[in-house]
Amino acid sequence: MHSRSTLPARFRRLALVGAALATVTASLPAAAVADTGDRGHHPSDRGLSAVIRYTEYGIPHIVAKDYANLGFGTGWAQAADQVCVLADGFVTVDGERSRYFGADGAPDGSLSSATRNLSSDLFFRGAKDARTVEALLATPAPAGPSRQSRELMRGWAAGYNAWLRKNRITDPACAGAAWVRPVTELDVARRGWAVSVLGGQGRGADGITAAAPPAAAGTGATGPAAAGPAAAGPAAAGRAAGAGGSPAVPDPERTAEAARTLFAAENATMGSNAVAFQGGTTANGRGLLLGNPHYPWQGGRRFWQSQQTIPGELNVSGASLLGTVPVSIGFNEKVAWSHTVATGVPLSLHQLTLDPADPTAYLVDGRPERMTRRTVTVAVKDGAPVTRTQWWTRYGPVVSGLGAQLPLPWTATTAYALNDPNAANLRASDTALGFARARSTQGLADALRRTQGLPWVNTIAADSSGHTLFTQSQVLPRITDELAARCSTPLGRATYPASGVAVLDGSRAECALGSDPDAAQPGIFGPARMPVLRDAPYVENSNDSAWLANAERPVTGYERIFGTIGTQRSLRTRGAVEDVAAMAARGGLTVADLQRQQYADRAPAGDLAAADTARACAAVLADEPEACRVLGAWDRTMDAGSRGALLFDRFWRRFTATVPGAEQWKVPFSAADPVGTPNTLNTGAPGFAKALRDAVAELRAAGIALDAPLGRHQFVVRDGVRIPVGGGTEALGVWNKTEPVWNPAGGGYTEVAHGTSHVQAVGWDGGRCPVARTLLTYSQSSNPRSPHYSDQTALYSGERWVTSRFCEKDILRSPELRVVVVRG
């Protein structure tokens, strides 16, 4: 049962909360060990309970006796806000999207890069049939997940199921849908595994499921949904080219450029900024942290806010990715941390030399090894099941490409196998728990060293004693520069320097990945090899490599697979370093300074190029003097009220998309001045004039005034109301990143695809409570009937914040306090 109460009188609130806490902290039956089988049963919620205190904007503060009970309360609360998105994700990891939504539909991209439901299902059903996650759950810690992590997963599934049992779904996205159903702890673990392999096997899902030996090309599947070009997947062209043994060898230079583009931060749907300031730069000698992750605004890769408390054991506030249990980005009373998507490449390839007599066997030191066949069958809505074979090697699955632009054709002589060490990593929850229990930046570093659970992110942190930390501690294939030099194929000699994607010679056993003695699993780098910077006046990352985490103390000495050294930085990195270095030099910083930085909306591209563009405008647009005036008067920000921002934005997108980078600036990049170069816009570049003319014509055709305030034409619609949105695109270099969807017929930018998401500005003042301001830009619930569907989005539009209620006294003082006691 569960009870709800909204109490206006403070003493009644205190009484109710006290009773609820007593319920939670009383002795309860011991929780059972998590079952790792997949027998279709649902985890028992008998004896599980939690207290959820909701404060403003629907933020839950979850209190429980132990980890299973904490998971129970978290699963319940996530379901209340996001049941349809969660249910959709569980259909995905169960490999049943084609059954419910049709083979040709598209997943939301949150759990893999599969472009169709069929390839998504074949990928996840293949992992399910192979019992991949069961094996990881059975692996003893620290290589496998701890008992506490498994208890969290068990409790989360029970809490989610209990909410489904006891509540009516009001979200029209899934109300009454047959695909909304109870889950098991194994489903929760599978979802966590999917997040871990997003940069590896998940990125190659289409290529793994489309790969077929040349004699079988076009015949690798049965059933009507397998027929036709759509079923062949994005690597079909490369695979077909290799059919019958024809020489379809990827061009090294083109493949290298495709790999660079594939892994480039400017093309990613996830990114982030974060900065930590050391005590010497702050007003009170304590640390400060501003975290600004850039994630999708819709679908299963949204963040969700909570505070999680086990009295005497754990007390942490922050955000979790949907369907995961612990807080991944957050703070406690002593330390705060955020993550940024790292430049380390979490996969590698082995080029296989095939047995001339059998394209499903490959040679290692001259001896043939047969590939392992995995036959996978997927149910399809309104059609016969589809069966397809996947092929596995000692290095990993055979893959026919990484996206449509990077084919890796399987010919009679050659195939490619994908190595993803995160396919053996189910430790992210333990890293998050280690962070939650840490008392300092050193404690965070210790947790990373013990668990090595982060698959594709950096960590930036500050603590109440004034320390800072940057570390790129992620799970990466152990590709040293020496190994790449010794074992790269001709293709790898092009791709590795350009992108960090290694292509090693799979025919030589000596080219297998080695191991570091301090690594959590074979074939990955150990903690001692990670790029780290401690106690710098500031540490900052905006999705470039570790090199300029602090411009005055460059980080060097790491292997190429981690990222580049001495190369051109993005405009977002350059602008961020300029901003935070100036803040650190000024000193006396407080949380209020972090808040100002978040909403400054400065466009570094505008500072570098707007004046030159305005000067060149008259010669290009003699018949459009207003455009030149607007560009000249623009304030160089992407604030919602900024006039001229939209015109420059539309011009700049065209200019950077059509003019090669080397031709955009008169002064080229210099490693001696990486923040200041390149500079001086090349207005004589071919394409400059056309980009400017086309931008003006586009706005005129759409009926948009050239000097209209940005927020009038960059907005989201929630509950029928337009909500202006500030911020700017990656190419402009804006800290407050917004990647909107252009719909001129609808009024301009009418939705946000991805960008600023869960923001936190955290410091300490010597008391027991951290000084924290947070914001979840897209709000806590995706249910349009929820009161928390757009409330924080309105705050974001107004450049406002939520004052975090971390300590008990602050939670109990909330004017919107609502207490829910949930029990199995």
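What counts, and where the lines are drawn
- Residues numbered from 1 in each chain as written.
- Predicted model: local features only at pLDDT ≥ 70, side-chain atom pairs only at ≥ 80, totals over all residues.
- Heavy atoms only, no water.
- Helix = DSSP H or I, 4+ residues; strand = E, 2+ residues; numbered from the N terminus.
- Rg over C-alpha atoms; globule rule 2.2 N^0.38 Å.
- Buried < 20%, exposed > 50% of the residue type's maximum accessible area, 1.4 Å probe, protein only.
- Contact = heavy atoms within 4.5 Å.
- Areas by Shrake-Rupley, 256 points an atom, 1.4 Å probe, with all protein chains shown as cover.
- Lys, Arg positive; Asp, Glu negative; His and termini not counted.
- Charge placed at Lys NZ, Arg CZ, Asp CG, Glu CD.
- Disulfide = S-S within 2.5 Å.
- Pairing = 2+ DSSP bridges.
- pLDDT = per-residue confidence, 0-100.
- Phe/Tyr/Trp six-rings, centres within 6.5 Å; stacked < 30°, edge-to-face > 60°.
- Lys NZ or Arg CZ within 6 Å of the ring centre and 35° of its normal.
- Axes fitted to C-alpha atoms, helices over the stretch in contact; angles between N-to-C directions.
- Parallel < 35°, antiparallel > 145°, perpendicular 65-115°, else oblique.
- Nonpolar A, V, L, I, M, F, W, Y, C, P; charged D, E, K, R; others polar.
- Core = buried A, V, L, I, M, F, W, Y, C linked by side-chain atoms within 4.5 Å.
- Expected span 1.5 Å × (residues − 1).
- Bend = angle between axes of the 7 residues up to and from the residue.
- Polar contact = N/O pair within 3.5 Å; in protein donor to acceptor, adjacent residues only side chain to side chain.
- Salt bridge = Lys/Arg side-chain N within 4 Å of Asp/Glu carboxyl O.

A. Fine view of the overall build of the protein. Per the secondary structure count, the protein includes 25 helices and 32 strands. At 26 Å, the protein has a C-alpha radius of gyration in line with the 28 Å of a compact globule built from 824 residues. In terms of principal-axis extent, the alpha carbons of the protein reach across some 80 × 70 × 55 Å. Counting all 824 residues of the protein, 62% fall into the buried class. Sequence-distant contacts, at least 24 apart, represent 70% of the contacts inside the protein between residues at least 6 apart. Summed over its atoms, the accessible surface of the protein is roughly 28300 Å², and 53% of this surface lies on carbon and sulfur atoms. Between the averaged position of the 81 positive side-chain charges in the protein and that of its 72 negative side-chain charges there is a distance of 5 Å.

B. Geometry of the state of the cysteines. The final tally for this structure, using the stated rule, is 4 disulfides. The disulfide partner of Cys84 is Cys174, and the gap between their sulfur atoms is 1.9 Å. As the torsion about the S-S bond is roughly -80°, the Cys84-Cys174 disulfide counts as left-handed. Separated by 90 residues along the polypeptide, Cys84 in helix 2 (residues 67-93) and Cys174 in the loop between helix 6 (147-166) and helix 7 (185-196) bring together distant segments of the chain. On the basis of relative accessibility, which here comes to 1%, the residue Cys174 falls in the buried class. Among the cysteines of the protein that take part in disulfides, numbered as they appear in the sequence, the pairing is 1-2, 3-4, 5-6, 7-8.

C. Expanded view of the pairing of strand 29 (residues 758-763). Burial analysis of strand 29 places 6 of its 6 residues in the buried class, which makes it a mostly covered element. Neither face of strand 29 is left uncovered, since the one carrying His758, Gln760 and Val762 and the one carrying Val759, Ala761 and Gly763 both have all their residues buried. When strand 6 (residues 288-296) meets strand 29, the two strands line up antiparallel, connected through 3 bridges. Bridging across to strand 29, Leu290 finds its partner in Ala761. Sheet topology places strand 29 next to strand 30 (residues 771-776); 6 bridges connect them, and they run antiparallel. Across the sheet, the residue bridging to Gly763 is Val771, located in strand 30.

D. Broad picture of the confidence of the model for the protein. Mean pLDDT over the protein: 91, with 91% of residues reaching 70 or higher. Here residues 1-40 scores under 50 on pLDDT; set against residues more than four positions off or in separate chains, the count is 82 contacts. Predicted confidence for residues 217-247 stays below pLDDT 50, and this span has 56 contacts to residues more than four positions away or in other chains.

E. Inspection of the packing of aromatic side chains at higher detail. Under the counting rule described, the total for this entry stands at 28 aromatic pairs. Arranged with centres 6.4 Å apart and planes meeting at 45°, the rings of Tyr362 and Tyr395 form a pair that is tilted. Taken together, the positions of Tyr362 in strand 12 (residues 358-364) and Tyr395 in the loop between strand 15 (386-393) and strand 16 (396-397) put the pair 33 residues apart, joining distant regions of the chain. For Tyr362, a relative accessible area of 2% corresponds to the buried category. Seen in terms of ring centroids, Phe525 and Phe562 are 5.0 Å apart; in terms of plane orientation they differ by 50°. Their pairing is tilted. Taken together, the residues span a long stretch of sequence, with Phe525 in the loop between strand 20 (503-505) and strand 21 (532-534) and Phe562 in the loop between strand 22 (538-541) and helix 16 (571-586) at a distance of 37 residues. Of note, Arg374 hangs over the ring of Trp392, and the distance from its end group to the ring centre comes to 3.7 Å. It is Arg650 that lies over the ring of Trp742; its NZ or CZ is 4.0 Å from the centre.

F. Quick peek at the packing of helix 2 against helix 7. Two elements in contact, helix 2 and helix 7, have axes separated by 10 Å at closest approach and are oriented at 85°. For the element pair helix 2 / helix 7, the angle class is roughly perpendicular. Contacts between helix 2 and helix 7 involve Val85, Leu86, Gly89, Phe90 and Val93 from the first element and Asp187, Val188, Arg190, Arg191 and Ala194 from the second. Residue composition of the contact of helix 2 with helix 7, grouped by class: 6 nonpolar, 1 polar and 3 charged.

G. Spotlight on the nonpolar core. With 168 residues, the main nonpolar core has Val83, Tyr160, Trp193 and Phe277 as its most contacted residues. Formed by 39 residues, the second largest nonpolar core is a distinct cluster that contains Leu571, Ala609, Cys617 and Trp652.

H. Structural detail: helix 2. Taking 1.5 Å as the rise per residue, helix 2 with 27 residues should run 39 Å; its terminal C-alpha atoms sit only 24 Å apart, a clear shortfall. At Gln82, helix 2 shows its largest kink, close to 100°. Within helix 2, 26 of the 27 residues are buried, which leaves it mostly tucked inside the rest of the structure. Sitting at the amino-terminal end of helix 2 is Asp66, which places a side-chain oxygen 3.4 Å from the backbone nitrogen of Ala68. Once helix 2 finishes, Gly95 follows within two positions and takes phi at roughly 70°, a positive value.

I. Spotlight on the pattern of salt bridges. One pass over the structure, following the stated rule, counts 45 salt bridges. For Glu626, the salt bridge is made with Arg629, and the minimal N-O distance between the two is 3.8 Å. Highlighted residues: Glu626 and Arg629, both in helix 19 (residues 625-633), separated by 3 residues, approximately one helical turn. By relative accessible area, which is 28% here, Glu626 ends up partly exposed. Judged by relative accessible area, Arg629 falls into the partly exposed class, the value being 47%.

J. A look at the side chain of Ser499. In this structure, Ser499 sits in helix 15 (residues 490-499). Within polar-contact distance, the side chain of Ser499 engages the backbone oxygen of Thr495 at 2.7 Å. A polar atom in the side chain of Ser499 sits 3.2 Å from the backbone nitrogen of Val501. When sequence neighbours within four positions are dropped, the list of residues in contact with Ser499 reads Ala259, Arg260, Val345 and Arg560.

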